[in-house]
Amino acid sequence: MVAYDRTASAARPRHALVRWWARGMSRTLTCSALLLASAFPAASAFAQTITLAAPPASVTGPIAETAANVLYQGLNITEGAVPVTAFPYVTEEYFVSGTASGQPYATRMLVRRPRNVADFSGVVVAEAMHTSGRALIFEWSRESVLTRGHVFVEIPTSAANIASMRAFNDARYAALSIPLASQANEIIAQFGALMKTNGRPGGWLPGYAVRKVTLMGTSASSGTVRNYMAVHPTVRLNDGKTSPVYDGYLVTSTNGNTKLPFLDVPIIQMPTQTEVRTWAEEGIQYRRSDGDEPNNQFRLYEVAGMAHNNARENPGFLGDPCTKPVSSFPAGAFTALALNHLVQWVDKGIKPPHAPAPIATDGNTFGDGPFLALDANGNATGGIRNVYIHD
């Protein structure tokens, strides 16, 4: 078990996934607060204010699990699908507390790590927990993540997340609390700073040398990640170089019709056909050109036929409660591809392929219903083509 208080002078750990597509802590005397303000050195008269992310004040764990005191896995996997337990991984839980937005918080950190340290890829794939209480990108693309040896970290950032855990096991999670929505960005930054401390004395996961850390979210949690991306330029590591806390971002089923920010790390955005259809009538504003420049490393992947949700990965739709059949499009496989492209970009400098075109719109609903340009089979034209869309 690791139990340490970052307000102390030292830490004391005691824990002994179509062809074109497939190419594809700072130590301080007092760290109870997330941020330590400093000025970013700039030639202009308008120097940018940088805040330095410190790890959470306290991290305790792994928290013991018994038959009567089970940890919340945050997954809902379809029957017969490959479970996490089929992989040589260890799942552990840590209780994390600190101060964010001027108020105390207490949450948990779920870590899924290769059992053998030698199998670790060097990359931590972190995900902001969805309001449903699940890590949906991991849930849908777990086979890819776990096959590649990444460490996965789930970050609960809201009262709704805590409520999901307490509904599962109130006794285990009774002490956890995130009282303010405004605490989310600071919690995410603190978690990132903690993950980046590995490879140093007192690291949170001894022996796992972390090179890169990515952050991802889908649907509602894509909004959580988008909110954090807004502060990415000014929340940095206290490593002498003001390096980014997170080295890249993946957002899927993205909410909102505005462009993502231009950042100094790679971003992959994967809106589904649902989002394209949603915004087509008023005009799609979220699209922006791909880029490979230092401050514009960006790919937009719109997958034709991919729905916001589906019955293949989400067992909640297996009973088919809708008037029309729920999509069984393999959204998880395409999400995994996007994540793998991001990791390769961030860690190896391998630039992902460009999508051939966005999903096409026609500006009217005549004869077909949506504002999408459909083919003779009723399928969307443009976008990333795949075997589920017949040309």
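As a reminder, the structure under discussion sits directly above these lines.
We now turn to the structure provided with this report. The model shown is predicted, which means the values in this text are computed figures rather than measured ones.

### Observations concerning the pairing of strand β9 (residues 212-218)
The element β9 is extensively covered by neighbouring structure, given that 6 of its 7 residues are classed as buried. When strand β7 (residues 123-128) meets β9, the two strands line up parallel, connected through 5 bridges. Pairing of Val124 across the sheet is with Val213, part of β9. Bridge count for β9 against strand β11 (residues 249-252) is 4 bridges, and the pairing is parallel. Counted as the bridge partner of Leu215 is Tyr249 from β11.

### Focus: the side chain of Thr197
Mapped onto the elements, Thr197 comes out in the loop between α4 (184-196) and β9. A polar side-chain atom of Thr197 sits 2.5 Å from the main-chain carbonyl oxygen of Leu194.

### Let's talk about the nonpolar core
For soluble globular proteins, the rule of thumb is that nonpolar side chains tend to be buried together. Counting residues in each nonpolar core, the largest one holds 59 residues, and the members touching the most others are Val153, Ile155, Met195, Tyr246 and Tyr249. For this core, the element with the highest residue contribution is α4, accounting for 7 residues. The next biggest cluster of nonpolar side chains, apart from the first, holds 32 residues, and it includes Ile268, Val343, Ala355 and Ile384.

### Thoughts on the side chain of Ser243
With respect to the helices, strands and loops of the structure, Ser243 is situated in the loop between β10 (235-237) and β11. Ser243 sits in the buried class, given a relative accessible area of 19%. Of the polar contacts made by the side chain of Ser243, one reaches the side chain of Asp239; its length is 2.6 Å. In this structure, Ser243 is in contact with Arg236 and Leu237, ignoring residues within four places of it in sequence.

### A word on the packing of aromatic side chains
Enumeration according to the criterion identifies 9 aromatic pairs in this entry. On the basis of an interplanar angle of 50° and a centroid distance of 5.5 Å, the ring pair of Tyr72 and Phe168 is categorised as tilted. A residue pair is termed long-range when its members are at least 10 positions apart, and Tyr72 in the loop between β4 (58-61) and β5 (89-100) and Phe168 in helix α2 (residues 159-168) qualify at 96 residues. Of the residues examined, Phe168 reaches a relative accessible area of 45% and is grouped as partly exposed. Judged by centre distance (4.2 Å) and plane angle (20°), the ring pair of Phe138 and Phe152 falls under stacked. Taken together, the residues Phe138 in helix α1 (residues 136-147) and Phe152 in strand β8 (residues 151-155) connect sequence positions 14 residues apart. Residue Phe138 shares its accessibility class with Phe152, and that shared class is buried. In this structure an aromatic cluster arises from ring pairing among Tyr228, Tyr246 and Tyr249. The ring of Phe262 is capped by Arg288, whose NZ or CZ atom sits 3.8 Å from the centre of that ring. Positioned above the aromatic ring of Phe298 is the side chain of Arg288, whose terminal nitrogen or guanidinium carbon lies 4.0 Å from the ring centre.

Calculation notes
Residues numbered from 1 in each chain as written. Predicted model: local features only at pLDDT ≥ 70, side-chain atom pairs only at ≥ 80, totals over all residues. Heavy atoms only, no water. Buried < 20%, exposed > 50% of the residue type's maximum accessible area, 1.4 Å probe, protein only. Helix = DSSP H or I, 4+ residues; strand = E, 2+ residues; numbered from the N terminus. Pairing = 2+ DSSP bridges. Polar contact = N/O pair within 3.5 Å; in protein donor to acceptor, adjacent residues only side chain to side chain. Core = buried A, V, L, I, M, F, W, Y, C linked by side-chain atoms within 4.5 Å. Contact = heavy atoms within 4.5 Å. Phe/Tyr/Trp six-rings, centres within 6.5 Å; stacked < 30°, edge-to-face > 60°. Lys NZ or Arg CZ within 6 Å of the ring centre and 35° of its normal.

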